[in-house]
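An overview of the molecular structure
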Amino acid sequence: MSQPQVDSISNGKSSQSISNSSSNNNTNNNSNNDKINILRKYKIVFLGDQSVGKTSLITRFMYDTFDETYAATIGIDFLSKTMYLDDNKTTIRLQLWDTAGQERFRSLIPSYIRDSHVAVICYDITNKKSFNNLDKWIKDVKLERGDDVIIVLVGNKSDLSNDKRQVTIEDVEKLHRSIGSKFYIETSTKANHNVKLLFKKIAQSLPEFEHQQNQQSQDASNNPETIDISIDNNPPVANTSCC
Amino acid sequence: MDFIDFDSFGGNGASKDQNLPQPQPALSLPITSNIENLGKRISSFSLTRNLLKFDDSSNGENSHDNGNLMNETTVINKENEIAEKYAKLSMNLLKKDENTSHNNGITYNSDDERSAGVHNIKNSENQTRTTLSTRLSRVLNDSLSDSLIREIFTNLEDKFNDNDLAFEELIEPGFQGSVARKKLRGKIENELIKNQSLVLKEYQPIIRQLRIIEDRLNKVNTLNKITNEKINKNYKFSNEFNHQVNELNESKKLLSLKKNLLIAFKDQFTLNEYEEYVLTTGEINDEFFQTLRKAESINEKCSILLSIDNPQLGLKVMSKSNQIINKSLERIISFSNRTLNNLYSLSRSRLSTLHKCLRYLKNKLNYFSSIVNTFTEQRSKVLIDEFLNQVQGNLDNGSSISAPSGKSQRSSSISSDHSNSRPIFISAHDPIRFIGDLMAYVHSIVVNESETISSIFTLEVPESDEEVKEFKNIVDDIIDKILKALSRPIKTRIDQIIASQTRLSLLYSIYNLVELYALMFTKQLPNNSELLLTVKQLVYSSQDRFKTIISNRLATIKSSNSAKLDLNLDLQPPEWIVEFYSDILPIIDQMTTDTIFNLSKSDHQEFSTLIVNKPIEIFYEHIKENNLIEDKRDNIIIKLNFLDLTLSKIMPITLLNDKAIEVNEIINELVIELTQVQLDVLLNNCNLYDYYNIVQMICPITDDFFDVSIYEPIKENKLYNKEDIVKLNDIIQEFIPNALIDVQQSLMKLNSPMIVTDVITNSSLTFVKFYEKFNLINLEYLQQTFTWNSLELATLLGVEEEFFQQDRLDSLSPSV
């Protein structure tokens, strides 16, 4: 299911972009890490119904804080953060576009989906309606980007899972399989659970990072059979999020 | 033998072990010393004089020697010298003695005998006396110790014992005694001589050694002299040499000073070849900037050189350093421009160097601004190209692949990945989506460009907070300048869409969209940002367009024949006002702001006047132009119907509350007017109109105060007579029973039943009130009353309740 993404990138549709030009030259880059383009950015759009916790998810990731008071987002908010990956050498600049869940702002959102790399579609595990509405959001994403986007399903408010859960893991897993999302995860911005993991997984899902991983594994073992790590990665992601 | 007078030699050798004693000074007796006197007494005996001379010369020599060898002698040596001196003296005497005896042996003997005989004969007495006294004085005055004297005498005594000389002989005054004494003396002297010679023999090796020493000393002296001469000679030479050396030292000092000065000058005012190389062709790095700082400091220090008498040196140094600085500056500018032009190849090290360049250029505003301008122009061009690619979509893609735009394609893809997304197509069906996409794209551009510029122009290691602030302002300025380029194309595109829109609902959506983006951009851009101002202008454009559409629509309606024809005798409001309000009012109803479109109070007032007052005005004009509706009552009714519709439409909208009140007031005015018309109809139908006017002229009946006497002048009127009043009564009797139906029928076309009721009630009540008062006047001045009283009339007109209530109110009032 993630195969098409890998294919599309490897086919070089966006051959004009720096990410690809740099990744194509990765063999040369090993000797010169300094040459990595410091201006490379990835656009991540956060979608989902009103009050599912999109803004608090971003706030938790950005500032590691949680505000109990609810303030509806007006229009589209923007925040960006540089992420250091495992090896501490690779940095990725993430542009986080926080959309408003209110219906009156709905018309704005497709314009932001159209050039995004990742669509993080959020729902509230204590609100079945927000989960049911995921179809609408997924439809919007597919309409704008087709399969050329990484879709991530995020069930927020997992700290309330014991008392008020309305969406089961099975439900989301079923949806995940049907839509071909990259992975799904349950988070709690209040309890700061899985938030960092979510963004780490998003970063690892990005084509450039995957390409680097491929390159490293190729360099290490020279075994072409281990190229496609995206397929290998998906089941464990689902497992960890399930557990 | 004078030396025997020295007591030290008079000993028997007991003092052999001791150091040679010092010769005792002569007594202070009035006798001269033996040695001095000896020569005088014995004229032939020149020994003493020679001895003295020798003594003097030896003393002189000694003193001379001593002078030269002063430092080498010791106390012991002094004593030895003295001893040696006396030894020498003795030796000389001995030698001379011997020589004399050898040379003049016979003569001497004969002379001695002869002189002795002569002496003895001539001066025997005196001599004896003198000798004795001399001897005695010598012995007595001698400082010899008693023990020594005793010893001397003991020795002498021993001589007596050893020799056969009788003591008596010695003391015999005669010749025999003299011979004995001389004999004794000879013996003693002989012994002494022996002793002396023994002693002297002991000195012989010393003397030999002394002689050797003397030779050596002489040699040493000679050497000393030579050395002294040499030294003197050398001294002169060295003096000259020293002088020369001093001169050379002086010149050396001067030279070293000069050298130091030159070194210092070189350090302070010149760049070495390596430094020149670094500045002119070397890599731009820390060293480069350090060297550049040095070059600049040289330039600054040149003011010192320029202030000296001959400023040529300063000018030369300055021109050279200026040349190098300018070249370095050119290199920095070229590097900065090159780096900023090729952002896609921006690496961390290159960025770090760029920051150094920017930090340096910051103080050179013209260069800095030229770089910034070049960069902003280039970025602006890239953004515009990208924008046009996005907006024009695939149409331009073919041409954009061509060589000149290839670079910009690559550059633009740094800030965003729009090349990956499908282009924004303008759709005739969905202009909102187009504007939404466009604004979302601009939003992305704004944040991307802000991030890019911030990452390029924000120093990684700022030197101070001041610098951080300074560069933040620079970043803001650059972002504004770059994004400014997008202002015009965005405005053009959206203005086109706004201008082409005629549907108010779509325009309102556009307005909402651009206003929302203006709000969102406020978070990203400074308030004075050109792009933000452009978006705000788009908000105004959409508002203006909204107003223009309304104005145009009203203008069309105003001139529309169909709208005019829409007016007919059914007196109903025209269709256009219904359509107009059904279009516009739901939009205004959506607004949650304090004023329409969040306009200012005056603009809000103007806009509400446009949507409320202007249609009324147009409608009035249409009525005026229409010939069908000539009847005043119909005119008022159609207006009331229109206003009533307007009021009913605008009443629920909070933003138009003021206008609702205003319309209500107009309605009230019209109601009063219609009431008056209706009253006139009643009066005319009852033939009371003239009487009503006469009464009103005397005193309006509407006044609270009423007194019949006031109306006395009515009698003067010709119309006012009993007959006419009777006739009037008949007419009233005839008309009133059907009046209510007539009135109601005439107001049937009035849409608002409340207004109808008001008009009927008010007109009837006024009529009844007049009727009542006129009846009282008639009673007073004509003694004639109408058949029906006022209550009956009110009942017939259907306003008895209102009349009753009013009558009750009037009775309560104190004036009646």
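Throughout this description, residue numbers start from 1 for each chain and increase along the sequence as written. The lettering of chains begins at A and the numbering of ligands begins at 1, in the order of writing. Two thresholds apply to this predicted model, a pLDDT of at least 70 for residue-level local features and 80 or more for giving and counting side-chain atom pairs, whereas whole-chain, interface and lining totals are computed over all residues. The side-chain values count all of the structure's non-hydrogen atoms but skip hydrogen atoms and water molecules.

As a further point, take the overall build of chain B. By the criteria applied, helices consist of DSSP H or I runs no shorter than four residues and strands consist of E runs no shorter than two, each listed in order from the N terminus. Counting secondary structure elements, chain B contains 29 helices and 0 strands. Exposed residues in this analysis have more than 50% of their type's maximum accessible area, buried residues have under 20%, and partly exposed residues fall in between, with area computed by a 1.4 Å probe over protein chains only. Residue burial in chain B is summarised as follows: out of 816 residues, 38% are buried. Summarising the internal contacts of chain B: among those between residues at least 6 apart in sequence, 74% fall at separations of at least 24. Where accessible areas are quoted, they stem from the Shrake-Rupley method and a 1.4 Å probe; at the residue level, only the protein chains shown are allowed to cover. With the model as given, the accessible surface of chain B reaches about 46,300 Å², and the carbon-plus-sulfur share is 53%. Only heavy atoms enter the contact rule, under which two residues are in contact if any of them lie within 4.5 Å.

In terms of helices and strands, chain A carries 12 helices and 6 strands. For chain A, the residues scored as buried account for 53% of the 243 residues in total. In chain A, once contacts between residues fewer than 6 apart in sequence are set aside, the share between residues at least 24 apart is 71%. When the accessible area of chain A is evaluated, it comes to approximately 11,000 Å², of which 48% is carbon and sulfur surface.

In this structure, Leu688 and Phe774 of chain B are the most contacted members of the largest nonpolar core, which totals 203 residues. Of the residues forming this core, the biggest block, 14 residues, is contributed by helix 16 (residues 431-457) of chain B. Discounting chain neighbours no more than four positions away, the residues touching leucine 688 of chain B are Leu683, Leu728, Ile732, Phe767, Phe770, Phe774 and Phe786 of chain B. Residues enter a nonpolar core if they are buried and are Ala, Val, Leu, Ile, Met, Phe, Trp, Tyr or Cys, with the set joined through side-chain atoms within 4.5 Å. By size, the runner-up hydrophobic cluster in this structure holds 27 residues, among which are Ile44, Leu85, Leu96 and Phe199 of chain A.

To continue, consider the packing of aromatic side chains. Ring geometry is summarised as follows: Phe, Tyr and Trp rings, the Trp one being its six-membered ring, pair when their centres sit within 6.5 Å, and such pairs are stacked at plane angles under 30 degrees, edge-to-face over 60 and tilted between the two. With the rule as written, the count across this model stands at 29 aromatic pairs over all chains. A centroid spacing of 6.0 Å and a plane angle of 25 degrees characterise the contact between tyrosine 508 of chain B and tyrosine 511 of chain B, whose relative ring orientation is stacked. Highlighted residues: tyrosine 508 of chain B and tyrosine 511 of chain B, both in helix 18 (residues 504-524), separated by 3 residues, approximately one helical turn. Pair check on accessibility: tyrosine 508 of chain B and tyrosine 511 of chain B agree, each one buried. Taken together, a centroid distance of 5.3 Å and an interplanar angle of 45 degrees make the contact between tyrosine 691 of chain B and phenylalanine 774 of chain B tilted. Residue tyrosine 691 of chain B is located in helix 25 (residues 689-698), and its partner phenylalanine 774 of chain B is located in helix 27 (residues 753-781); the two are separated by 83 residues in the primary sequence. Take tyrosine 691 of chain B and phenylalanine 774 of chain B: they sit in the same class, and that class is buried. Positioned above the aromatic ring of phenylalanine 61 of chain A, the side-chain terminus of lysine 81 of chain A is 4.8 Å from the ring centre. Cation placement over rings: the criterion is NZ of Lys or CZ of Arg within 6 Å of the ring centroid and within 35° of the ring normal. The lysine or arginine in question, lysine 639 of chain B, covers the ring of tyrosine 620 of chain B, its NZ or CZ lying 4.4 Å from the ring centre.

Take the pattern of salt bridges next. Pairing of side chains with opposite charge becomes possible as their charged atoms draw close. Residue and element names in this part refer to chain B. When a carboxyl oxygen of Asp or Glu is within 4 Å of a side-chain nitrogen of Lys or Arg, the pair counts as a salt bridge. By the definition in use, this model includes 33 salt bridges over all chains. Here lysine 558 ties to glutamate 621 by a salt bridge, and the two come within 3.6 Å at their closest N and O atoms. In this pair, lysine 558 is assigned in helix 19 (residues 530-559) and glutamate 621 in helix 22 (residues 601-625), connecting sequence segments 63 residues apart. Given the relative accessible area of 31%, lysine 558 is considered partly exposed. Overall, glutamate 621 belongs to the partly exposed group, its relative accessible area being 25%. Note that glutamate 617 is salt-bridged to lysine 614, the shortest N-O span being 3.9 Å. Placement of both glutamate 617 and lysine 614 in helix 22 is noted, with a separation of 3 residues, approximately one turn of the helix. A relative accessible area of 39% means that glutamate 617 is categorised as partly exposed. Looking at lysine 614, the relative accessible area reads 27%, which means it is partly exposed.

What follows is about helix 28 (residues 790-797) of chain B. Residue and element names in this part refer to chain B. Within the span of helix 28, buried status applies to Ser790, Leu793, Ala794 and Leu797. Seen along its axis, helix 28 keeps its buried residues to an arc of 100 degrees; they face one direction. N-cap assignment for helix 28: the residue whose side-chain oxygen lies 3.2 Å from the backbone N of leucine 791 is asparagine 789. Once helix 28 ends, the next one or two residues include glycine 798, with phi positive near 80 degrees. Comment: arc refers to directions from the helix axis out to C-beta atoms. Polar contact is the term for a pair of N or O atoms within 3.5 Å; when the atoms are in protein, one must be able to donate a hydrogen and the other to accept it, and sequence-neighboring residues count only if both atoms are side-chain atoms.

Glancing now at the packing of helix 23 (residues 632-650) of chain B against helix 24 (residues 657-685) of chain B. Residue and element names in this part refer to chain B. Contact geometry of helix 23 with helix 24 gives a least axis separation of 9 Å together with a crossing angle of 155 degrees. With respect to helix 24, the axis of helix 23 lies roughly antiparallel. Here helix 23 and helix 24 pass one another in a crossing that is left-handed. Basically, the charged four are Asp, Glu, Lys and Arg, the nonpolar ten are Ala, Val, Leu, Ile, Met, Phe, Trp, Tyr, Cys and Pro, and anything else, Gly included, counts as polar. Taken together, the residues of the contact of helix 23 with helix 24 sort by class into 15 nonpolar, 3 polar and 6 charged. Here an axis means a line fitted to C-alpha atoms, over the contact stretch when the element is a helix, while the angle between two N-to-C directions is reported on a 0 to 180 degree scale. In these notes the angle categories are as follows: under 35 degrees is roughly parallel, over 145 is roughly antiparallel, 65 to 115 is roughly perpendicular, and the rest is oblique. By convention the crossing between two helices is left-handed if the near helix lies anticlockwise of the far one by an angle smaller than a right angle, and right-handed if it lies clockwise.

Attention now moves to unusual backbone geometry. Only a minority of non-glycine residues have a phi that is not negative, and only a minority of peptide bonds are not trans. All names here are of chain B. Although it is not a glycine, asparagine 598 adopts a positive phi angle of roughly 60 degrees. Locating asparagine 598 in the fold gives a position in the loop between helix 21 (575-590) and helix 22. Under the relative-accessibility criterion, asparagine 598 is labelled partly exposed at 48%. For glutamine 783, which is not glycine, the phi dihedral falls at a positive 50 degrees. Looking at the element boundaries, glutamine 783 is found in the loop between helix 27 and helix 28. Residue glutamine 783 is classed as exposed on the basis of its relative accessible area, which comes to 55%.

Moving on to the sheet that holds strand 3 (residues 91-99) of chain A. Residues and elements named next belong to chain A. The mixed open sheet is built from 6 strands, whose spatial order is 2-3-1-4-5-6. Edge positions in the sheet fall to strand 2 (76-84) and strand 6 (183-186), since each has one partner strand and no second. Going across the sheet, the axis of each strand differs from the next one's by a mean of 25 degrees, ignoring polarity. Inspection of the sheet shows strand 1 (residues 41-48) paired to strand 4 (residues 118-124) by 5 bridges, in the parallel sense. Note that in strand 4 the partner of leucine 47 across the bridge is isoleucine 121. Across the sheet, helix 7 (residues 134-145) lies against strand 1, strand 4 and strand 5 (150-156), angled at about 170 degrees from strand 4, the strand it touches most. Only strands joined by at least two bridges in the DSSP assignment are considered to pair.

Turning our eyes to something else, we now look at the side chain of threonine 73 of chain A. For threonine 73 of chain A, the location among the structural elements is in the loop between helix 4 (54-63) and strand 2. Discounting residues that sit within four places of it in the chain, threonine 73 of chain A has contacts with Thr55, Asp98, Thr99, Ala100 and Phe105 of chain A.

Here we take up helix 22 of chain B. For a helix, the expected span equals 1.5 Å multiplied by the residue count minus one. For helix 22 of chain B, built from 25 residues, the straight-helix expectation of 36 Å at 1.5 Å per residue is met to within 8% by its first-to-last C-alpha distance of 34 Å. Here the bend at each residue means the angle between axes fitted to two seven-residue stretches, the one ending at that residue and the one beginning there. The largest bend in helix 22 of chain B amounts to roughly 40 degrees and is located at leucine 610 of chain B.

Moving on, we come to the confidence of the model for chain A. All names here are of chain A. Scored from 0 to 100, pLDDT reflects the predictor's confidence in each residue. Taken as a whole, chain A shows an average pLDDT of 75; of its residues, 68% reach a score of 70 or greater. Ignoring residues within four places in sequence, the model shows residues 1-36, a span with pLDDT below 50, making 49 contacts including any to other chains. Between residues 223-243, whose pLDDT stays under 50, and residues either more than four places distant or in other chains, the model counts 32 contacts.

Assignment of secondary structure puts proline 207 of chain A in helix 11 (residues 207-221). According to the relative accessible area criterion, proline 207 of chain A is partly exposed, its value standing at 22%.

Glancing now at the pairing of strand 4 of chain A. Along any regular strand, the residues point their side chains to alternate faces of the sheet. Residues and elements named next belong to chain A. Among the 7 residues of strand 4, 7 are classified as buried, and the element is accordingly described as predominantly covered. Note: strand 4 against strand 5, 7 bridges, orientation parallel. Its bridge partner lying in strand 5, isoleucine 121 is registered against leucine 153.

On to the pairing of strand 5 of chain A, then. Residue and element names in this part refer to chain A. In terms of residue burial, strand 5 counts as a mostly covered element, since 7 of its 7 residues are buried. Neither face of strand 5 is exposed, since Ile150, Val152, Val154 and Asn156 on one face and Ile151, Leu153 and Gly155 on the opposite face are all buried. Where strand 5 and strand 6 come together, 4 bridges link them in parallel fashion. Paired with valine 154 across the strands is isoleucine 185, a residue of strand 6.

Looking now at a nonpolar patch on the surface. Patch criteria: residues need more than 30% relative accessible area and no salt bridge. Like-charged residues are merged within 9 Å; nonpolar side chains of Val, Leu, Ile, Met, Phe, Trp and Tyr are merged within 5 Å. Taken together, the side chains of Leu254, Leu257 and Leu261 of chain B present a nonpolar region at the surface, about 320 Å² in accessible area. Relative to the assigned elements, leucine 257 of chain B resides in helix 8 (residues 175-269).

We now examine the confidence of the model for chain B. Looking at chain B, pLDDT values average 78 and 79% of them are 70 or higher. This prediction of the complex comes with two scores: 0.66 for pTM and 0.76 for ipTM.

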